[in-house]
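Reading the structure
Letter by letter, the chains look like this.
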Amino acid sequence: MTITILPYRATLEQACDWLAQQTESPWNLARLIEHGVTPYVWLDYDAAYPEIFGDANGGYAAPIFYEGDTARLAAGSDDVLITRTKDAYKIVTALPAPGFRRELHELRFLKKDLEKLVKAVKRAALPPPEPKAVAESTAGIYKEEALVAFGSLVKMDLDKALTGGGGIFGDDGARIKASTKKAKSKIVWNPVVLALGLHDVYRVPLRGLSRAFSAHDFLDPWRDEWERSLALLGH
């Protein structure tokens, strides 16, 4: 199959064919999940579960992100079992036991996620750039960027935690010490130290944090450092 225009929601076959064309390597469901791509299935409205559908009386595309559900798919299951997803209002919710089952052909993958994956794969294939020394005062991200990158991954008030600082994500709250001598709006945080703190203290999954480093261009300078940290952790 030749996919010249990728649909907004691609089937598994369309996604794998398109990725193979773009990267010149074969793709399957397990590899997609390994690279952190979120599968979706369309849930038709069911009046038996009003708390899940809310006002989405036509149904909605439900993400499959729970580790147990994605691990089952990656292992080669012959159908889809969703035990936890986000409701129509994007709030994480556990589904009634034993969960919802769907056929594999119902899986869909978002065009934007696949395009982002291609960029990441091609970037990883490039020779490593020459290391550049970064001044301590600029070797960080602003609070607004930290909230964009990591805010959706935590259940606590990250804005408040970052403002409070000291002792939560390291001795100085992951803040770059030199920047703390400036105005509050100029303070920057080391995103790797911050991400590791979110994992250690608040149990944020490493997979979600890795996804953040791949998704945001402003984290590019720290992507190699993040990968080295994961290697030291055995991941």
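Residues numbered from 1 in each chain as written. Predicted model: local features only at pLDDT ≥ 70, side-chain atom pairs only at ≥ 80, totals over all residues. Heavy atoms only, no water.

Let's talk about the environment of K112
Stated precisely, the cut-off is as follows: In this text, helices come from DSSP runs of H or I with a minimum length of four residues, and strands from runs of E with a minimum of two, each type numbered from the N-terminal end. Using a 1.4 Å probe on the protein chains alone, a residue whose accessible area is under 20% of its type maximum counts as buried, one over 50% counts as exposed, and one in between counts as partly exposed.
Here K112 lies in helix α5 (residues 111–125). Residue classification places K112 among the exposed positions, given a relative accessible area of 55%. Between the alpha carbons of K112 and R9 there is a distance of 9.2 Å; along the sequence they are 103 residues apart.

Some thoughts on the nonpolar core
So the rule is basically this: We define a nonpolar core as any set of buried Ala, Val, Leu, Ile, Met, Phe, Trp, Tyr and Cys residues linked to one another through side-chain atoms lying within 4.5 Å.
In terms of nonpolar packing, the biggest core is built from 30 residues, with L19, L32, F109 and L114 touching the most fellow members. Grouped together as the second largest cluster of nonpolar side chains are 23 residues, A146, W189, L194 and F213 included.

Here we look at helix α9 (residues 206–215)
We apply this condition: Contacts are assigned to residue pairs that have any heavy atoms within 4.5 Å of one another.
If you check which residues of α9 are buried, you get L206, G208, L209, S210, A212 and F213. Residues of α9 that are buried make contact with α6 (143–150), α8 (191–202) and α10 (223–232).

Looking at α6
Counting along an α-helix, one turn takes 3.6 residues, and residues three or four places apart therefore face a common direction. Test applied: The arc in question is traced by the directions running from the helix axis to the C-beta atoms.
If you check which residues of α6 are buried, you get A146, A149 and F150. Taken end-on, α6 shows its buried residues confined to a sector of 70°, consistent with a single buried face. Turning to α6, the residues buried within the fold contact β9 (141–142), α7 (158–164), α8 and α9.

Details of the sheet that holds strand β8 (residues 108–110)
Picture the strands of a sheet paired through backbone hydrogen bonds; they go either parallel or antiparallel. What counts here: Strand pairing follows a simple DSSP-based rule, namely that at least 2 bridges must link the two strands.
Strand order in this open sheet of 4 strands is β1-β8-β2-β3, and the pairing throughout is antiparallel. Looking along the sheet, the strands with just one partner apiece sit at the ends: β1 (9–10) and β3 (60–63). In this sheet, β3 lies alongside strand β2 (residues 39–43) in antiparallel orientation, the contact comprising 4 bridges. Of the residues in β3, the one forming a bridge with V41 is A62.

Examining a positive patch on the surface
Basically, it comes down to this: Each patch is built from residues lacking any salt bridge and having more than 30% relative accessible area; the joining distance is 9 Å for like charges and 5 Å for nonpolar side chains (Val, Leu, Ile, Met, Phe, Trp, Tyr). Residue-level accessible areas treat just the shown protein chains as cover; the underlying method is Shrake-Rupley with a 1.4 Å probe. By definition, a salt bridge exists where a carboxyl oxygen of Asp or Glu is found within 4 Å of a side-chain nitrogen of Lys or Arg. Two residue types count as positive, namely Lys and Arg, and two as negative, namely Asp and Glu; His and chain ends fall outside the count. Here the site of a charge means NZ on Lys, CZ on Arg, CG on Asp, or CD on Glu.
Taken together, the side chains of K86, K90, K112, K116, K119 and R123 present a region of like positive charge at the surface. When residues of the positive patch are assigned to their parent elements, the largest contribution, 4 residues, is made by α5.

Here's the deal with the packing of aromatic side chains
The cut-off we apply is this: Classification of ring pairs uses Phe, Tyr and Trp, with its six-membered ring standing for Trp, and accepts pairs whose centres are within 6.5 Å; under 30 degrees between planes counts as stacked, over 60 as edge-to-face, and the remaining range as tilted. For a ring to carry a charge above it, either NZ of a lysine or CZ of an arginine must fall within 6 Å of the ring centroid while also lying within 35 degrees of the normal to the ring plane.
Inspection of the entire model under this criterion finds 5 aromatic pairs. Seen in terms of ring centroids, Y45 and F53 are 5.3 Å apart; in terms of plane orientation they differ by 65°. Their pairing is edge-to-face. Given the relative accessible area of 34%, Y45 is considered partly exposed. Relative accessible area serves as the criterion here: at 2%, F53 is assigned to the buried category. Sitting over the ring of W27, R31 keeps its end group 3.6 Å from the ring centre. Over the face of the ring belonging to F65 we find K86, whose NZ or CZ atom lies 6.0 Å from the ring centre.

As for unusual backbone geometry
With an omega of 5°, the peptide bond between A97 and P98 qualifies as cis. As for its position among the elements, P98 is in the loop between β6 (92–94) and β7 (100–102). Here K90, not a glycine, exhibits a phi torsion of approximately 70°, which is positive. You can see K90 is positioned in the loop between β5 (84–86) and β6. Residue K90 is classed as exposed on the basis of its relative accessible area of 69%. A positive phi is found at R203, a non-glycine position, where the angle reads about 60°. As for its placement among the helices and strands, R203 is situated in the loop between α8 and α9. Note on R203: relative accessible area 58%, which makes it exposed.

Points about the environment of G151
Counting through the fold element by element, G151 comes out in the loop between α6 and α7. For G151, the residues in contact, after removing those within four places along its chain, are A146 and L158.

Describing the side chain of D87
If you trace the backbone, D87 turns up in the loop between β5 and β6. The charged side chain of D87 is buried without a salt bridge, its nearest counter-charge being K90 at 8.5 Å. Beyond its immediate chain neighbours, meaning those up to four positions away, D87 contacts E51, I52, Y60 and T93.

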